Amino acid sequence: MEFLQDTVVLSRLQFAVTAIFHMLWPVLTTGMAIYLVIVEGMWLRTRNPDYYHHARFWAKLYVLNFGIGVASGVPMEFQFGTNWAPFSEAVGDFFGSVLGFEASMAFMLEAGFLGIMLFGWERVPPVIHYLSTIMVAFGANLSTFWIITANSWLQTPSGGEVVDGKFVVSNYFEAIFNPFMVNSVAHMFLATLETSLFVIGGISAWYLINGRHPQFFARSLKIVLAAAIAVAPLQIYVGHLSGEQVYREQPAKLAAMEAQWETVPAGTAAPWSAIALPNVEAERNDFEIAIPNALGYILELKPQLSEPVLGLKEWKPEDRPGMVGLIYYSFRIMVAIGFFFAGLMLLSVVQWIRGKLSAEEIGKQRWLLVSWIFAAPLGYIAVESGWIVRCVGRQPWTLYEQIRTVDAASKLPPGNVLVSLTGFTVIYSLLFVTALYFGSRIIRKGPDLDRPLPGQAEQELTEPATHKPDSRPMEAQ
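What you are looking at is a predicted structure, and each value in this text was computed from that prediction instead of being measured.

Calculation criteria
- Residues numbered from 1 in each chain as written.
- Predicted model: local features only at pLDDT ≥ 70, side-chain atom pairs only at ≥ 80, totals over all residues.
- Heavy atoms only, no water.
- Core = buried A, V, L, I, M, F, W, Y, C linked by side-chain atoms within 4.5 Å.
- Buried < 20%, exposed > 50% of the residue type's maximum accessible area, 1.4 Å probe, protein only.
- Helix = DSSP H or I, 4+ residues; strand = E, 2+ residues; numbered from the N terminus.
- Contact = heavy atoms within 4.5 Å.
- Expected span 1.5 Å × (residues − 1).
- Salt bridge = Lys/Arg side-chain N within 4 Å of Asp/Glu carboxyl O.
- Bend = angle between axes of the 7 residues up to and from the residue.

Draft legend 1. Inspection of the nonpolar core at higher detail. One finds Trp 58, Tyr 62, Met 188 and Trp 372 to be the most contacted residues of the largest nonpolar core, which totals 81 residues. It is helix α6 (residues 181-209) that contributes the most residues to this core, 14 residues altogether. Those residues within four positions of Met 188 in sequence are excluded, and the remaining contacts are Met 23, Val 27, Thr 144, Ile 148, Val 383 and Trp 387. By size, the runner-up hydrophobic cluster in this structure holds 25 residues, among which are Trp 261, Ala 270, Tyr 328 and Val 392.

Draft legend 2. Inspection of helix α12 (residues 378-392) at higher detail. Taking 1.5 Å as the rise per residue, α12 with 15 residues should run 21 Å; its terminal C-alpha atoms sit 21 Å apart, in good agreement. Within α12, 12 of the 15 residues are buried, leaving the element largely enclosed by the surrounding structure. Three or more residues of α12 are buried, namely Leu 378, Gly 379, Tyr 380, Ala 382, Val 383, Glu 384, Ser 385, Gly 386, Trp 387, Val 389, Arg 390 and Val 392. For α12, the secondary structure elements touched by its buried residues are α1 (7-46), α4 (126-155), α6, α8 (251-257), α10 (324-353) and α11 (366-375).

Draft legend 3. Structural view of the pattern of salt bridges. All told, the structure shown has 7 salt bridges when counted by the stated rule. A salt bridge links Asp 50 to Arg 219; its shortest N-O distance comes to 3.3 Å. With Asp 50 in helix α2 (residues 49-82) and Arg 219 in helix α7 (residues 214-249), this pair connects stretches of sequence that are 169 residues apart. A salt bridge links Asp 93 to Lys 166, with the shortest nitrogen-to-oxygen separation between them at 4.0 Å. Of this pair, Asp 93 sits in helix α3 (residues 85-119) while Lys 166 sits in strand β2 (residues 166-169); the two residues are 73 residues apart in sequence, bridging distant segments of the chain.

Draft legend 4. Summary view of α3. Here α3 contains 35 residues, and its C-alpha end-to-end distance of 41 Å is more than 12% below the 51 Å for a straight helix at 1.5 Å per residue. Within α3, the axis deviates most sharply at Gly 92, by approximately 95 degrees.

Draft legend 5. Representation of unusual backbone geometry. The step from Gln 395 to Pro 396 runs through a cis peptide bond, and the omega angle for that step is 10 degrees. Tracing the backbone through its elements, the reader meets Pro 396 in the loop between α12 and β5 (397-399). With a phi angle near 55 degrees, Asp 164 is a residue other than glycine that sits in the positive phi range. Tracing the sequence through the fold places Asp 164 in the loop between β1 (160-163) and β2. You will see that Ala 259, though not glycine, has its phi angle at about 50 degrees, which is positive. Turning to its location among the elements, Ala 259 is positioned in the loop between α8 and β3 (272-279).

Structural data, given as structure tokens:
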């Protein structure tokens, strides 16, 4: 248990625990906010009560995720000052500014309009309420933009240079629009939206398979399916573009993603390993199942590579990612889930065209509904796996090829870090159980389809009273 005496390892593990837990919640809120914009827009356009009830029902799950996300996100950022103080001092001029933008621009915007979105149905005009919902969705996704921008800059630092151990920014726009930024923001935006679509679809499928509100939840399943037609294949394409960027910008990470130990020269066809058992000590794979000539098609859409694929042996052991097996399989889990989503979307569209998704028929598609329920948690797994590839694959660098992780950590007693790590693990476990409890309560209770529409209750209260003659006998009056 030597790692219990290593401050750097414990600090990395603590940040990993807090980041993995925190990521569960904004992944759903950023995508679900867009869904709320869609259903409320349909309500305003059609005045179909179903869309209004959808907006009210799914907003409950939204606010639950928002609350847990805030509670878990703040301690994560504080670690930059406690566990990673040398790193914060070195890159604070840019990295700190971007995190400040996220809090002051995005989070405040989302939080400021959230109260109107939740409680303003009877208090503000419909247009103002809809504007509030749009602002909540915009704020949530703006937050994603700034966080991904900051992390992309760590992957491909631009806009300045390290002088005397401190990164000096010469061009903020170049730093913001670093080489990884555009594809990374698009990839994460689609990931949050896709995860939210399949969560909503999975919950809808659960209601349908249990015969509860079939008309209502057949509608929500069709809405998310219509969106998934565009999102699922687009995510695969953007993911491919991100892989190409890793190929050009971070060859050591690509070598770890593919468990590629030997360099593949340009002009040759290389196999792609579907399954392997990487052996870091021996610098080889103990077992491997490979598809001939597939690596060229994956990276360049042709059999022979125009550029070499560097193997891990090209770097000294201290300059290459260490946990090759974790990176290798995290990448394959993410890719497999992406293709599963696309396949499920395609099968669902076929059934829709055949008329099998109507409220009367959809309950009979048990295999399809079970597949949607099974898909509901997969988006979270894909997102977490992608972040493992992104951040563990960047090692041993915090700021890629400029600041090492061992130099970025605060010099703290290992026991102190172990205590805080244990505390975070316990508290976050309690938060997770609490969130599951209240989330399941919301789902078990279901939508309130008898809720009066906006303005309806007020109209009933303000209707003029009619005079009713006294029907009692005259002597009783």
